[in-house]
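The lines below spell out each chain.
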Amino acid sequence: MRFSFGLPFLTLLLFVPLSAARADELFYESAVKTLLDQKCVGCHNRTDFEGGLDLSSPKAIQKGGEHGAILDDADPRESVFLKQVLARTMPPEDSEQLSDGEIRLLKDWVSKGARFREDAKIVTAERIVPLLHLRCVRCHGASEQEGGLDLRSVASLLKGSRKGPVVVPGNSAKSLIVQKVLAEEMPPRKQIVPASVKTMTQGELRLLREWIDTGMKPAPGRRPARQTTAKELDFWSFKTPRQSGLPGGGGGEAIYNPIDQFLLARLGERGLAFSPQASRRTLIRRLSFDLTGLPPTVGEIRRFVEDTSPDAYEKLVDRLLLSPEFGEKWAAHWLDAVGYADSEGGQNEDRVRAYMWHYRDYVVRSFSRDKPFRQFLTEQIAGDELYDYENPEMPITEPIFESLVATGFLRTTPDRTFQNITNFVPDRLDVIADELQVLGSAVLGMTFHCARCHAHKFDPLPQQDFYRLSALFKDAFDEHDWLKPEKRLLQLPEERLAEDLPQSARDAVREKRLAIRALWSRGRPSPTFLLLRGNPLTPGEELQPGLPELARASSAGQRFEIRALDHQTRKTGRRLAFSRWVTDPQNPLTARVYVNRVWQKLFGRGIVRTLDNFGKTGAPPTHPALLDWLSVEFVKRDWSSKQLLRLMVTSRAYRQQSVVSAGARKGDPENLLVSRMPLKRLQAESVRDFILQLTLQLSSEKSGPPRPVKEMENGLILSSELERGGWARSIYVIHRRSKIPTLMETFDYPQMGPNCIARKNSIVPQQALHLTNNAQVRGWCDALARSLVLQFQADRDAMIRHLWESAYGTEPRSSEVALWREYLDRLKQKWQLELKDGTSEQVLFEKSLATLCHTVVNSASFMYVD
Amino acid sequence: MNLAEPNSERQDRRSFLRSVGTGLQTTALIHLFRNELRAFEGKGVGSGFDAPIPDRPPRARSVIHLFMNGGPSQMDLFDPKEALNKHHGKEYFNQIADEVEFPAAAGALMKSPFRFQQHGESGAWVSEVLPCFAGQVDQVALIRSMYTSNLTHEPAIYKIHSGVEFEGKPTLGAWVSYGLGSENENLPAYVVLDDPKGLPVNGIDSWQAGFLPPSYQGVRFRGQGTPVVNLKKGFQEPDAVTELERAFLKKLDASHARQRPFQPQLAARMKSYELAARMQVEATDALDLSRETAATQRMYGLDDPATESYGRRCLIARRLIERGVRFVQLFIEGQIWDNHADIGKSLSYACKKTDRPTAALLADLKQRGLWDETLVVWGGEIGRLPIAQLSDDKNPAKSGRDHNKNAMVSWFAGAGIKPGISLGQTDELGFSAVENRVSVEDWHATILHQLGIHYEDLFYERNGLKERLTGVTRPRVVAEILS
C-alpha cells in the first residue's frame, strides 16, 4: 500500500472503506451464495434454524441469529460471522470445512462491506441510538448538554441545539451533525482523553448518513424472543425449596435435631454412623474459632468444663453468638463474598477508598445484631431506593443511614476508571460485569457473567439475561453516564442527621468528615442494548430491565413488578423490585446459596460443593433434602443467621470428633456423608489474631477507619502497632489490595478478583519461614514470655500448664509438662553457651521461655482445630 | 482413582495431579511436594483441578522472561522506518487522536534519533543503541508485529502477564508452575527477580497466582541481601537454639500427627517446615555469585556500574535455570522503557543498562549447553507512537514517544526457536502491525506450546467456567518462529 498524506491513514489500514471496494464487484450473489449453500445452509436454514440463524437468503442473513446481526455494519472485522469463519469454529469440526481459498473469499466479501445485489438492509434507529450513546452523550446527554443539544433519543436529536436543527431528514450532507463529524470537529480531538470518548469510525459515520438519508427510520418493533423451554427450566435449583418429611430410621440418641436425621439416614445406608462426640475442651475451641475467630480463654474453658447443667453447651453457643467478636468473624466471611477492599486497584497507584470502611462496620453491626438476611440483602441491593433520603424534610435516622451505607456492596470491585485514560466505555463495562459477577456468585449462585458475551452453554441463561440484569442496575451503573470513583461519595447534610447514628459515624460527623462510599439511583438511566460478544461496538436489540429467564420456574418471579418511586428525585425503583425478588420467600436460590455457604464454613465443604455455581455445571447436592429443609427453616425463622448457626452447631453432627476411623475412611473417604468433623487450619485472620491474643497484644479497639500497615524495605508488609498500644483485629487492618500484611497473605488471604467465595488452604514454605524467622512474630513471643514471668514468677510448671492450655485448649499430661520443662532447660544451656557468663539466670530463663512460646506458635496443635 | 501402581511416569503424574485437587481440606503443594504427596493414600478432596500433562514433547524445560516494562520503542530499536525520515515534522495527530494518551503534548511525526544497521547473516536491522545484542541477532527470532488491547500501562501489563486487563487472574508464570511444577523441590517453580531500585507498575500483581492456590505465585528473590522475605532470621538467636527448636517442633508435630491418622495435610505441613529449612540453604547458594569466575562476571557486566544490577539478575537467572527452576522472570526499575521524554537519552539509558547482560545471557546459555532447553523471551507491554510527544517547552530535542497498543516488538530465543528470522511487518509509519499480526494470546499460546502445553488443556474450573490463560480466545501458535 502506498503511503500518502491527506487520507485517513489508519482507517485505510484497518478496514477498506466502501468507496475503495466499489471497483471490484464482489456480491453475495456472485460467489458467496454458492459457497454458503454448500457449506452452511445444511444447518442454518429455514427449518433447522441452528442458533436461530438462517443463511439461505439475503434477507435472512441480514436479519441475523438469536442474538442479533451477524454482519457488523460499522466494522466488518467485528462481525460474528467473520470471526467464526476465521477462527475455524464454523463449520463445526464434524462438518465439511472451508478451504483456505473459501475463507479468503468470505473475508474479502465481509471486509468489503458484505454487499448484496438485492439489498434488503435498512438502517434504523435501533442501530443509531446506541451509536449516539457511545460517541456523543458524554457531552450531549444527561450530565451535560453542550450547545443545548441532547442526543439521547431520536426525539431529542430532532429538537436540535440552541442554534437550531442538527439533522435534515433525508439529507445527511446538509445535516449539521454529519458535517461536524466530517470536519473532525466532533468530538474535539484534544478532548478525547479528558472526556474518555472516542471518535466515530468511518463505518459508523456511513451508517449515520444512511439512516438520515433514508428518512430516519424508527426502530423495528420488539423481536419475538426465544423463550426458555419448560424442559430447560426443569432443574432442582430453579424451583422453590420445600420441606418434605424427615427421614425415618434409627439414630436414637445421636439425633439432636433434624439435621442429624438427614445425615444419619445417608450414613446408615453405608453402614456408617457419626464419630464419637468430641470432648468439651475440643468443642469449646472449635465453637469459639467458628463463631468468633478467636480461641477461648483458659477461664472460659474451665467454666464450660465444670458446668454441670444439662444445657451447658447451648448456653455456651448463645454466649458466643452474643459476643461482639461474632459479628467480626461472620462479617469477614461476607466481606470475602462481596470482595471488600479499601482501595480501588486497577491502576498502579492503588488509590485508597477512603470511606469504604463504613460498609465494613455496617456488615459487622448487621451480623452482631442478627439483622434478618432478607433485610440485609435488600439494603445492600437497593438501600437508597428504600427511603426518600434526598427529601430535605426527612431526618437521616439510623435505618436510613444503614441502608445508604449498605449500598457499598455494589462498590467493592477493582475499578480503574478514576483515570481518564482507563475510563472509556469498555473499562466501565468491565466494572459493571465484575459487580454482577459478585452478585451472581455471592447471592444467587449463578454464573450470569458468562452471558455477557454469549448465551450460557449449559444453563438456561440467554445472553439477554445479562443485559436485562444490567438494565435493572442502569439507574446507578450507567456506562454512558458514569460516576468516577471519587464522585461516589454521598455527603450527608449534617443538619438532618439524627441522634441515633452509630458511634463511628458520629465521630466522623464531629470531625467534619462524614461521607460514605455508596451507590444510588439517579433517575435517568440510559437505554440498555444487548452487546454482541460483549462488545460495545456491536450493539444489538434494546432490552428492558427484567429478571433472568430462570425466574419463571418459581412463583417468586411472577410477583416481579417495577414501580417508579415518587421520591425527591424520581427513581426507577428497578433495584428495589429486583431485591424483592431476590428476598422473596419463594426465591429458589437466595436462601439455598447462603445456607450452603454457612454450612461450608462449619463443616468444611458445602452440601453443594460448588458454592458459587448452583447451575447445571455445578455439583449436585450431596443431601438435597437437608439443604431444602435448612433453607425453608432459615426463611421461616425470619432469615436469622444466628438461628441458622445455632441449629447447625447444636446438631450432633457438629459435635463429632474429627478423628478419622478406619471404617469411615473406607466408607466415606472424602467425608461427603459427614461421618466426622474436618480438621481445620486457622484462617489467615485467625492466625494473626490468635497469636496476638495469646501473646496479650490484641487490642480491643473496634470499628472506624482502617488501621495502617507499613511496608518494609525488603517488601514485607506489617500491620502497625496502634497509638494506644497493641494491634487491632485483622478485620480492622487496612485491606489495600497491593499491601495486604504478608502474614495474612501467606496464609491465603485472597486477592479479590473480584471476590472470594471460598478460601484456599495452602501449605507453603513461606508460612513456615514467616512464623519461624519474622521479627514481629518473635517480638510478640518475647512479650508473652515477659508477662508469663510476671504472672507466675518461678512456678515453671504452672507457667507451662497455662501456656499449653491457652494455646491448645487441652490440659497437658504430666509427662508433657516434664517434656517442656526439659526443653526449657536445654534451651537455657544453649543460650548460656552463647551469652557471657555474667548473664543473669532471669535473663537466660526469659530468653528460653520466649523460644518456647515461639515453638508453640509454630506447632500444629496451635494451627489446627480438631 | 487408583494411585497405587502407576504404569508410567506420565500416567502417575496425571493421576497424582488430579487427585490432589484444590478442595478446602487439601494441600496445594503440587510443585514442591509431588514426590512426597504421591505416597499419600486416598483421594484428595474436591476436584476442579485438572492440570494438563504435556501431550507433546516439550521443547523447553524452563523459561526466562526478560520483561521490559514501560513499552520499548519498536521504531527506535528493531523496526526502522524510512517513511518517518521522509515525513519527519508532518502533522499526524488527527488521524490517530483516539490512540494517544497525552493529546495535549502530541507533536508531529518524528524520525528515530538513532542510526540502524543490518547485522549478522540474517541481516536483521538493529539500532545503534544495542551493540551487544546486534552480535547475537542471528540467534533470535524477532517478532515485529505484536499488538495489544489497551494503551495504558496498568491494563496492558495485566494483559501481558495474565491475559486480561485487570487484576485477579493468574499470571503466565503461575499457570506454568501450576501445570508443570518445579524440577527442584528445594526451590520454587516460579521465581521473580525484580529490580532493587523499585517495583514496576502493578507491583506484585505481575506475578500473582490469582484464583489459583497461592503456592503458584512468583517468589521474589532479591539479588542482594536476604534473597527471600523471611528467609533469614529477623532476630538474634544462637544457631544452636534454632536447631534445638527445629528438632523439638518436629517432635511435637509428629506426636500431634500420630494422634490424627489419615490427615495428609499434617504431614505436608511438616514437610513444608523441612523445605523452608532447605530453601534457606539452596536459595542462598543459587544467589552466591562469588562462585562464578571473574570472566563470567565480566561478561555479564558486573564490573560496570551501568550494567551491574541487571547483569547480576541475568546471571542469577541462569543459575536458577540450571537448578531446575521452571520460570524465571526479570523485571527492571520502574518504567525504564517508558520514554515519553527525551527518547535520545532515556532509551539509551535503558539499553545501556540491559544490552550487555542480555547478550551475555544468550551467549552463556549457549556455551553451557542450556540453550536447547531454555526459552528466552524478551518484550514489554506496549509499543510506541510514530509521532513525537513534546516536552513542556516544546524543544524538539527533548521529545519522546507516547504509548501505542497497535504495534510492539518481542523476541524469542533458545529452545525450539528458529534463529535469525524476523517475523511480521508494521505499516510504513510503524503505527500498526499489518502483516502476521501476533496478539498477546498468540504470544502466550506460543510460550505454552514450547513447554509442551496446548493452551486449551491448561485450565482451572471456577464459578462455572473453565478459566484459561488465553480465555475464550482461539489463539494461534506462532509456528513461523519455531524450528
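None of the values given here were measured: they were computed from a predicted structure.

How should I be thinking about the overall build of chain B in this particular structure?
Check the secondary structure of chain B and you find 13 helices and 17 strands. For chain B, buried positions account for 60% of its 483 residues. In chain B, of all internal contacts separated by at least 6 residues, the share reaching a separation of at least 24 is 75%.

Can you help me understand the overall build of chain A in this one?
Scanning chain A from N- to C-terminus turns up 35 helices and 8 strands. In terms of overall dimensions, chain A has C-alpha extents of about 100 × 65 × 60 Å along its principal axes. For chain A, the residues scored as buried account for 51% of the 866 residues in total. For chain A, restricting intrachain contacts to residue pairs at least 6 apart in sequence, the fraction spanning at least 24 positions comes to 69%.

Would you explain the pairing of strand β10 (residues 383–389) of chain B in this entry?
For a regular strand, the rule is simple: side chains alternate between the two faces of the sheet. Residue and element names in this part refer to chain B. Most of β10 sits inside the fold, with 7 of its 7 residues counted as buried. Two elements, strand β2 (residues 106–109) and β10, share 2 bridges in a ladder whose sense is antiparallel. When the bridges of β10 are listed, A106 appears paired with Q389. Here β10 pairs with strand β11 (residues 400–404) via 4 bridges, running antiparallel. Note that in β11 the partner of G383 across the bridge is N404.

Explain the packing of helix α33 (residues 814–834) of chain A against helix α8 (residues 239–258) of chain B to me, please; I cannot follow it from the model alone.
Two packed helices can be described by the angle between their axes and the distance between those axes. Orientation of α33 of chain A relative to α8 of chain B, taken along the N-to-C sense of each, is 160°, at an axis distance of 9 Å. It follows that α33 of chain A is roughly antiparallel to α8 of chain B by the angle criterion. Crossing angle aside, the handedness with which α33 of chain A passes α8 of chain B is right-handed. Across the interface between the two elements, Y823, R826, L827, K830, W831 and L833 of chain A from α33 of chain A touch A240, V241, L244 and F248 of chain B from α8 of chain B. When the residues that make up the contact of α33 of chain A with α8 of chain B are grouped by side-chain class, the tally is 8 nonpolar, no polar and 2 charged.

Whenever I open this one, the confidence of the model for chain B confuses me. Can you help?
For any part of a model where pLDDT is low, the fine detail of the predicted coordinates should not be relied upon. Within chain B, residue pLDDT values average 85, and 88% of them lie at 70 or more. Here the complex is predicted with pTM 0.83, and the ipTM for its interfaces comes to 0.85.

Quick question: what am I supposed to make of the sheet that holds strand β9 (residues 374–379) of chain B here?
Either a parallel or an antiparallel arrangement is found when strands of a sheet pair, and the pairing is made through backbone hydrogen bonds. Residues and elements named next belong to chain B. If you trace the 8 strands from one edge of the open sheet to the other, you get β7-β6-β8-β1-β9-β12-β5-β13, paired in mixed fashion. Two strands close off the open sheet at either side, each with one partner strand: β7 (219–220) and β13 (421–423). Bridging between strand β6 (residues 190–193) and β7 involves 2 bridges; their strand directions are parallel. Bridge pairing links V192 to R220 in β7.

Please explain helix α12 (residues 258–269) of chain A as it appears in this structure.
Residues separated by three or four positions in an α-helix point in the same direction, a consequence of the helix having 3.6 residues per turn. Residue and element names in this part refer to chain A. For α12, with 12 residues, the first-to-last C-alpha span of 17 Å sits near the 16 Å given by 1.5 Å per residue. Along α12, the residues classified as buried are I259, D260, Q261, F262, L263, L264 and L267. Tucked into the core, α12 has its buried residues touching α25 (624–636) and α26 (641–649). Of the residues flanking the end of α12, it is G271, one or two places downstream, whose phi is positive at about 70°.

For this particular structure, what's the right way to read the interface of chain B and chain A?
Where interface size is quoted, it is often the accessible area lost as the parts come together. Contacts between the two partners involve 82 residues from chain B and, on the opposite side, 81 residues from chain A. Element by element, the count of residues in the side of chain B that touches chain A is highest for α8 of chain B, at 10 residues. Partitioning the side of chain B that touches chain A into residue classes produces 38 nonpolar, 26 polar and 18 charged.

How do you make sense of helix α20 (residues 425–444) of chain A when you look at a structure like this?
Residues and elements named next belong to chain A. The terminal C-alpha atoms of α20, which comprises 20 residues, lie 27 Å apart, in line with the 28 Å expected from a rise of 1.5 Å per residue. With 17 of 20 residues buried, α20 lies mostly within the body of the structure. Following α20 by one or two positions, G445 has its phi on the positive side, about 60°.

Help me out: how do you make sense of the nonpolar core in this one?
In terms of nonpolar packing, the biggest core is built from 337 residues, with C853 of chain A together with I143, A317 and V328 of chain B touching the most fellow members. Examining the composition of this core, we find that 9 residues originate from one element, helix α12 (residues 343–367) of chain B, more than from any other. If we skip the residues at most four places from it in the chain, V328 of chain B touches I64, V191, L193, A317, L320 and I321 of chain B. Grouped together as the second largest cluster of nonpolar side chains are 23 residues, I128, L134, C136 and V167 of chain A included.

How do you make sense of the packing of helix α34 (residues 841–858) of chain A against α8 of chain B when you look at a structure like this?
At a minimum axis distance of 10 Å, the contact between α34 of chain A and α8 of chain B shows a crossing angle of 40°. Viewed along their axes, α34 of chain A and α8 of chain B adopt a mutual orientation that is oblique. Between α34 of chain A and α8 of chain B lies a crossing whose hand is right-handed. The residues of α8 of chain B that touch α34 of chain A, namely those facing T851, T855 and N858 of chain A, are V241, E245, F248 and L249 of chain B.

What's the story with the sheet that holds β11 of chain B in this structure? I'm lost.
Residue and element names in this part refer to chain B. Read from one edge of the open sheet, 3 strands run β2-β10-β11, paired in antiparallel fashion. Both edges of this open sheet fall to β2 and β11, since each of them pairs with a single strand only. Taken over all neighbouring pairs, the strand axes of this sheet differ in orientation by 65° on average, direction set aside.

Sorry, what's going on with unusual backbone geometry here?
Only a minority of non-glycine residues have a phi that is not negative, and only a minority of peptide bonds are not trans. All names here are of chain A. A cis amide bond links M90 with the next residue in sequence, P91, at an omega value of -5°. For the bond running from M186 to P187, omega is -10°, close enough to zero to count as cis. Examined against the element boundaries, P187 turns out to sit in the loop between α9 (176–182) and α10 (202–213). Residue D638 is not a glycine yet carries a positive backbone phi of 60°. Within the element layout of this structure, D638 appears in the loop between α25 and α26. Positioned with a positive phi, D748 is a non-glycine residue whose angle comes to about 75°. Relative to the helices and strands, D748 resides in the loop between α29 (742–746) and α30 (765–773).

It is not clear to me how the pairing of strand β4 (residues 539–543) of chain A should be interpreted in this structure. Could you clarify?
Residues and elements named next belong to chain A. Where burial is concerned, most of β4 is hidden: 4 out of the 5 residues are buried. Looking at chain direction, strand β3 (residues 528–531) and β4 are connected through 3 bridges and run antiparallel. Bridging across to β4, T528 finds its partner in L543.

Even after reading the chapter, I still don't get the environment of R104 of chain A, so can you show me in this structure?
Inspection of the secondary structure assignment puts R104 of chain A in helix α6 (residues 100–111). Between the C-alpha atoms of R104 of chain A and S288 of chain A, which are 184 residues apart in sequence, the distance is 68 Å.

Help me understand the environment of K836 of chain A, please; the structure alone is not making it clear to me.
Its place among the elements puts K836 of chain A in the loop between α33 and α34. Separated by 279 residues in sequence, K836 of chain A and G557 of chain A place their C-alpha atoms 80 Å apart.

Even after reading the chapter, I still don't get the environment of L66 of chain B, so can you show me in this structure?
Residues and elements named next belong to chain B. Checked against the element boundaries, L66 lands in strand β1 (residues 62–67). Given 25 C-beta atoms within 10 Å, L66 falls into the buried group. Sequence spacing of L66 and S399 is 333 residues, and the spatial spacing of their C-alpha atoms is 27 Å. If we ignore the near neighbours within four places in the chain, the residues touching L66 are L330, T358, V376, V377 and W378.

How each quantity is defined
Residues numbered from 1 in each chain as written. Chains lettered and ligands numbered in written order. Predicted model: local features only at pLDDT ≥ 70, side-chain atom pairs only at ≥ 80, totals over all residues. Helix = DSSP H or I, 4+ residues; strand = E, 2+ residues; numbered from the N terminus. Buried ≥ 20, exposed ≤ 12 C-beta atoms within 10 Å, placed from the backbone. Contact = placed C-beta atoms within 7 Å. Pairing = 2+ DSSP bridges. Axes fitted to C-alpha atoms, helices over the stretch in contact; angles between N-to-C directions. Parallel < 35°, antiparallel > 145°, perpendicular 65-115°, else oblique. Left-handed = near helix turned anticlockwise from the far one by under 90°. Nonpolar A, V, L, I, M, F, W, Y, C, P; charged D, E, K, R; others polar. pLDDT = per-residue confidence, 0-100. Expected span 1.5 Å × (residues − 1). Core = buried A, V, L, I, M, F, W, Y, C linked by C-beta atoms within 7 Å.

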